[in-house]
Amino acid sequence: MSALESFDIDHSSGLPVWIQVKNRLAYLIGSGVYAPGDRLPTVRALAVDLDISYNTVNRAYMDLEREGYISTRKGRGTFVSERNDVGAARAADSPVELLIDDMIRACASSGLNDDDILAMVAARLEHRKYLG
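We now turn to the structure provided with this report. Values in this document were obtained by computation on a predicted structure and should not be read as measured data. (Residues numbered from 1 in each chain as written. Predicted model: local features only at pLDDT ≥ 70, side-chain atom pairs only at ≥ 80, totals over all residues. Heavy atoms only, no water.)

Quick look at the packing of aromatic side chains now. In total, this model carries zero aromatic pairs according to the counting rule given. Taking NZ or CZ as reference, Arg44 lies 4.4 Å from the ring centre of Tyr54, over its face. Over the face of the ring belonging to Phe79 we find Arg73, whose NZ or CZ atom lies 4.1 Å from the ring centre. (Phe/Tyr/Trp six-rings, centres within 6.5 Å; stacked < 30°, edge-to-face > 60°. Lys NZ or Arg CZ within 6 Å of the ring centre and 35° of its normal.)

Structure below.
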């Protein structure tokens, strides 16, 4: 069983499933579990293994490819990109940093600027103090 096949999707987390898959893959690549040149499971195979939609896995793969983590070779499969393609900073991102990146993108796509995002995060941290 691969590191991805043993990955459990948390449907109660509030985090979209495709982001959970993407973050898990990025973490496994960044931590060296999947090395440059390693072949990843096909979209269909991973969807079956995780019992999720093909489209969900495809969206995660497309985002990872756009960010340079993986590359798809027509008729051959999907492979981990070489480290110099990913970039040292991206390869070292933790799952939490990837989650924060996703949050920032979501906020920006909702029309918030950097100052608004910082103010919202500060307000939520302050609110958290009162919750204990």
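Still to come is the rest of the account.
Turning next to the layout of surface pockets. As a volume, the largest pocket reaches approximately 220 Å³. Lining the largest pocket are 16 residues, and of these Val43, Tyr61, Thr72, Gly77 and Thr78 lie nearest its centre. Elements represented by at least two residues in the lining of the largest pocket include exactly α2 (43–50), α3 (54–66), β1 (70–73) and β2 (77–80). Here the lining of the largest pocket takes four residues from α3, the largest share from any one element. (1 Å grid on protein atoms, 1.4 Å probe; cavity = no way out; pocket = protein on both sides within 12 Å on 5 of 7 lines; lining within 4 Å. Points joined across faces, edges and corners; volume = space filled by probe spheres on them. Helix = DSSP H or I, 4+ residues; strand = E, 2+ residues; numbered from the N terminus.)

Contact geometry of helix α1 (residues 17–30) with α3 gives a least axis separation of 8 Å together with a crossing angle of 45°. When the axes of α1 and α3 are compared, the pair comes out oblique. When you trace α1 past α3, the crossing you get is right-handed. Mapping the contact onto sequence places Val17, Trp18, Val21, Lys22, Leu25 and Ala26 in α1 and Thr56, Arg59, Ala60, Tyr61, Asp63 and Leu64 in α3. Taken together, the residues that form the contact of α1 with α3 break down as eight nonpolar, one polar and three charged. (Axes fitted to C-alpha atoms, helices over the stretch in contact; angles between N-to-C directions. Parallel < 35°, antiparallel > 145°, perpendicular 65-115°, else oblique. Left-handed = near helix turned anticlockwise from the far one by under 90°. Contact = heavy atoms within 4.5 Å. Nonpolar A, V, L, I, M, F, W, Y, C, P; charged D, E, K, R; others polar.)

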